[in-house]
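Listed here are the chains, written in short residue letters.
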Amino acid sequence: MGFRCMHIAALIVIWAHCSPIVAQEQVTFCAVGDVLLDRGIRTMVRRHGPEYPFGRVSEFIRMHDLSFANLEGPMSSRGKPVAKEINFRADSAYVEVLKAPGLDVLSLANNHMLDYGRDALLDTRRILTNNGFWVVGAGQDSTEAAEPLVVERNGLRIGFLAFVTVPQVGIRYRGEQPCPAFPDTTVLGGVLENIRARSDVVVVTFHWGIEYVSRPNGGQTALARFCIDHGADLVLGHHPHVLQSIEKYSGKYIIYSLGNFVFDQHKPVQRESMIFCCSFTRNGVESPYIVPVVLPYRTFRPEFPDCQDNTRIGEWIKKISEGFGVSFRDGDAVYYLE
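Each value, and the rule that gives it
- Residues numbered from 1 in each chain as written.
- Predicted model: local features only at pLDDT ≥ 70, side-chain atom pairs only at ≥ 80, totals over all residues.
- Heavy atoms only, no water.
- Axes fitted to C-alpha atoms, helices over the stretch in contact; angles between N-to-C directions.
- Helix = DSSP H or I, 4+ residues; strand = E, 2+ residues; numbered from the N terminus.
- Contact = heavy atoms within 4.5 Å.
- Polar contact = N/O pair within 3.5 Å; in protein donor to acceptor, adjacent residues only side chain to side chain.
- Expected span 1.5 Å × (residues − 1).
- Buried < 20%, exposed > 50% of the residue type's maximum accessible area, 1.4 Å probe, protein only.
- Core = buried A, V, L, I, M, F, W, Y, C linked by side-chain atoms within 4.5 Å.
- Pairing = 2+ DSSP bridges.
- Salt bridge = Lys/Arg side-chain N within 4 Å of Asp/Glu carboxyl O.

J.: Tell me about the packing of helix 7 (residues 185–198) against helix 8 (residues 218–229), and name the residues and values.
T.: Running from N to C, helix 7 and helix 8 point in directions that differ by 35 degrees, and their axes come no closer than 9 Å. Of the residues in helix 8, those touching helix 7 at T185, L188, G189 and L192 are L223, F226 and C227.

Right under this line is the structure:
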């Protein structure tokens, strides 16, 4: 087996011992997609404990100064399921699952955050905040929900905005009541310019797109490019439950869908994922790369694949990204974005 096929677990050991100490005004960052703490994942946590779901990737995530994920559903003991086909909810004790990999920033802007009503959404914000997480994308009303989050690390200020474009089912959207954030392009440009002035790096995340489709639709591309035109340095997407294209637009990167990360869906394409990694500096996003990940059937806990699957997922991402202005350089179990 050649050096190109070195397993990512071996690389972790090498990076941990050989990489220089990160200087001030540089933040290493990683992002993952949808994290579910209900249904089959709930069963796994009950059987194996809170460290189990992220157990094979926790060390890698913790190596970064800052990390991001989308939390797919509320964390609360209150509320009743709304009138829809699928409702998700996690127990408050499951906050320990999120602590295990050292996640930092969690988006609550998604189409499941109101699955058990508005009180459950507020409980989720409170529980996560009380346990040291930064949350973005939901609030007491639409104004608070859309407020940016600014995180300070290593002398840098990183601004986050999070929105959902997927309709809420089973509950009426009321902007004056607790809700996730929806993007309003009549004011979004001004919001981005404002947070641009207060931040060294601006990250915008969207819960958007069409489920199980591997390339973005016109609405996604227009919205992502709008954000970059108004000051965003990086756009991250989730919701389709499969990987989607990566785009390089005006020198900035758009990850249209990070895919599932901890999620109990069965089809092979739903169990192929990635971790997006980069460094933040005063110049924006530097040294971006992706690490392929697989979710094995039955356990659905993300892990780094063998060489064959790593190459297969990497080649698939390249294929679905054709025509989006990005090029890839193969590394040792990772793919650098150029």
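Text resumes after the structure shown.
J.: A description of the side chain of K84 should follow, citing residues and the corresponding values.
T.: Take K84: it is sitting in the loop between strand 2 (66–71) and helix 4 (95–99). A distance of 3.3 Å separates a polar atom in the side chain of K84 from the backbone oxygen of N111. A polar atom in the side chain of K84 sits 2.7 Å from the side chain of D115. Not counting residues up to four positions away in its chain, the partners in contact with K84 are N111, H112, D115 and V169.

J.: So what about helix 9 (residues 307–320)? Which residues, and what values?
T.: If you check helix 9, its first and last C-alpha atoms are 20 Å apart, about what 14 residues at 1.5 Å a residue would give, namely 20 Å. Those residues of helix 9 lying buried are C307, N310, I313, G314, I317 and I320. Looking at the buried positions of helix 9, the neighbouring elements they touch are strand 11 (246–249), strand 14 (272–281), strand 15 (284–294), strand 16 (328–330) and strand 17 (335–337).

J.: Give a description of the nonpolar core that names residues and reports values.
T.: Counting 45 residues, the largest nonpolar core has L37, F54, M75, L98, L128, F261 and I275 as its most contacted members. V164, I246, I317 and V326 belong to the second largest nonpolar core, which has 38 residues in total.

J.: Describe the pairing of strand 14, and please don't skip the residues or the numbers.
T.: Where burial is concerned, most of strand 14 is hidden: 10 out of the 10 residues are buried. Going residue by residue along strand 14, you find E272, M274, F276, C278 and F280 tucked away on one face and S273, I275, C277, S279 and T281 tucked away on the opposite face as well. Taking the residues between adjacent antiparallel strands as the criterion, strand 14 and strand 15 are bridged by two residues.

J.: Residues and numbers for the pattern of salt bridges, please.
T.: A side chain of one charge can pair with a side chain of the opposite charge when the charged atoms of the two come close. Under the criterion given, the structure shown has 22 salt bridges. Put simply, R56 and E303 hold a salt bridge, and the shortest N to O gap is 2.4 Å. Placement of the pair is R56 in the loop between helix 2 (40–48) and helix 3 (58–62) and E303 in the loop between strand 15 and helix 9, with a sequence separation of 247 residues. Note that E247 and R225 form a salt bridge whose closest N and O atoms lie 2.7 Å from each other. Taken together, the positions of E247 in strand 11 and R225 in helix 8 put the pair 22 residues apart, joining distant regions of the chain. When its relative accessible area of 30% is taken as the criterion, R225 is described as partly exposed.

J.: Any chance you could break down the sheet that holds strand 9 (residues 201–207) for me, citing the residues and the numbers?
T.: Remark on secondary structure: sheet strands pair via backbone hydrogen bonds, oriented parallel or antiparallel. Pairing is mixed across the open sheet formed by six strands, whose spatial order is 6-7-9-10-12-11. A strand with exactly one partner marks an edge of an open sheet, and here the two such strands are strand 6 (149–153) and strand 11. Each neighbouring strand pair of the sheet contributes to a mean axis angle of 20 degrees, computed without reference to strand direction. As defined by bridge partners, strand 7 (residues 156–164) adjoins strand 9 across seven bridges and the pair is classed as parallel. When the sheet's bridge partners are listed, V164 is paired in strand 9 with H207. Strands in contact with helix 8 are strand 9, strand 10 (234–238), strand 11 and strand 12 (252–255); relative to strand 12, the strand with the most contacts, it is inclined by about 150 degrees.

J.: Describe the side chain of S67, with residues and values.
T.: Among the secondary structure elements, S67 is positioned in strand 2. The buried category is assigned to S67, whose relative accessible area is 1%. Discounting residues that sit within four places of it in the chain, S67 has contacts with F29, C30, I61, G102, L103, D104 and V105.

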